[in-house]
Each structure stands twice: as structure tokens, then as C-alpha cells.
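Overview (structure and organization)
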Amino acid sequence: HRLGRAPAIELHSCLVFVSLSLDKVAQVHEWLGATLDVVFAQNSRKDTLFFRTGIWMFVVGVPFAAVFVVLVFSIQAYFQRAPGALAKVLLGMAISLAGALGIETLSNLVDLNSGLGLLQIVAEELSEMLGATIVLWGAYELLQAHRFTYSLDQVE
């Protein structure tokens, strides 16, 4: 690897994105939200402002965002050849987290069976996908700047 500490960076980055994928499939934050209700809402969020989502976005989401920013800035030197890539990675994660933390929180304010509820769900998922796409774009630019190449040999 020309990036020096690239294996460690790849491992940390992969772990971050694997955990996000795992959360999407296994619905970890929904489970965690229900678990946090036992501690913070006396086993029920029924009479709280966050009756649908719970408070997972504050307990998990905000610290995750902070750790992500620290992780990115700890590898900032690798972005020197592609400063636009760093901007894209940060922008993409901001958009994705705005959907996951902010727009999902709005589900507490709308009837999910209404047109507004559908719009809220579409906006949340769209922002998460758009954010992930921009992060990948930044990663692509970073790899290009470091002249990363990958080839597959033909199997005979």
C-alpha cells in the first residue's frame, strides 16, 4: 500500500460501514431504542415526545457522528492529495446522518399512514442513500488521487 497505514485505515473504515449495514439489516438502533426505554422512560415511551423512535438518536447517533468526525480528521493527511474528497465524505455523512437522526425523529410528529408519513419515510431513506453515494464518490476521488488500481485476472 502506498498510503502507509492503509490497512489500519481500511479496517476502521470498513468497521464503520459494516456496522451501518448491520444496523440497517438487523435494526440494531430500533432494538437499542426499546432497550433505552427501560432505563430512561420507565419501560414506555408512550407519553414522551419521542413515542415512536425513543431517544436512540441522542444516545447512539450523536456520539457516532462525533466519533466519525474524529476518525476522518485522524486520517486527514491521506486526503491532502484530494481535498475535495474529504469535503465529499464529510458532506455525505452529514446528509446521511441528517436523515437517520433528524428526519427519522420527525416520524414522531406525523401519522406514518398518511401522505406526510410516506413523505417522511421517503425523505429519510433518500437522504441516507444520497449521503452514502456522496461518501463513495469522495472515497473514489481519494483512491484516484493516490493512483489506486485494482485489476481482476481472467480465470481460465
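Residues numbered from 1 in each chain as written. Predicted model: local features only at pLDDT ≥ 70, side-chain atom pairs only at ≥ 80, totals over all residues. Heavy atoms only, no water.

1. A word on the overall build of the protein chain
Scanning the protein chain from terminus to terminus reveals five helices and zero strands. The secondary structure elements of the protein chain, listed N-terminal to C-terminal, are α-α-α-α-α. The proportion of buried residues among the 156 residues of the protein chain is 32%. Excluding contacts between residues fewer than 6 apart, the proportion of contacts in the protein chain whose partners are at least 24 apart in sequence is 64%. When the accessible surface of the protein chain is split by element, carbon and sulfur atoms take 68% of a total near 10400 Å². (Helix = DSSP H or I, 4+ residues; strand = E, 2+ residues; numbered from the N terminus. Buried < 20%, exposed > 50% of the residue type's maximum accessible area, 1.4 Å probe, protein only. Contact = heavy atoms within 4.5 Å. Areas by Shrake-Rupley, 256 points an atom, 1.4 Å probe, with all protein chains shown as cover.)

2. Remarks on helix H3 (residues 56-74)
The end-to-end C-alpha distance of H3 is 26 Å, a good match for the 27 Å that 19 residues give at a rise of 1.5 Å each. All of the buried residues along H3 are Trp56, Met57, Gly61, Phe68, Leu71 and Val72. The buried side chains of H3 occupy one side of the element, clustering within an arc of 105 degrees when seen end-on. Seen from the open side of H3, the exposed residues pointing more than 90 degrees away from its buried face are Val67 and Val70. (Expected span 1.5 Å × (residues − 1). Arc of directions from axis to C-beta.)

3. A few points about the side chain of His146
Within the fold, His146 resides in the segment after helix H5 (115-145). Its relative accessible area of 11% is what places His146 among the buried residues. Looking at His146, its side chain comes within polar contact range of the main-chain oxygen of Tyr78, at 2.7 Å. (Polar contact = N/O pair within 3.5 Å; in protein donor to acceptor, adjacent residues only side chain to side chain.)

4. Side note on the environment of Ile55
Along the chain, Ile55 turns up in the loop between helix H2 (28-40) and H3. Using a relative accessible area of 23% as the deciding quantity, one classes Ile55 as partly exposed. C-alpha separation for the pair Ile55 and Leu36, spaced 19 residues apart in sequence, amounts to 7.3 Å.

5. A word on the environment of Leu86
Position of Leu86 among the secondary structure elements: in helix H4 (residues 83-105). In sequence terms Leu86 and Gly138 are 52 residues apart; their C-alpha atoms lie 6.5 Å from each other. When residues no more than four places from it in sequence are discounted, the contact partners of Leu86 are Val72, Gln76 and Phe79.

6. Structural notes on the packing of aromatic side chains
Applying the stated criterion across every chain, the model contains one aromatic pair. Plain terms: the ring middles of Phe64 and Phe68 are 6.4 Å apart, the flat faces sit at 25 degrees to each other, and that makes the pair stacked. In this pair, Phe64 and Phe68 are both assigned in helix H3, four residues apart and thus about one turn of the helix distant. With relative accessibility at 22%, the residue Phe64 sits in the partly exposed group. One residue, Lys88, lies across the ring of Trp137, its end atom 4.6 Å from the ring centre. (Phe/Tyr/Trp six-rings, centres within 6.5 Å; stacked < 30°, edge-to-face > 60°. Lys NZ or Arg CZ within 6 Å of the ring centre and 35° of its normal.)

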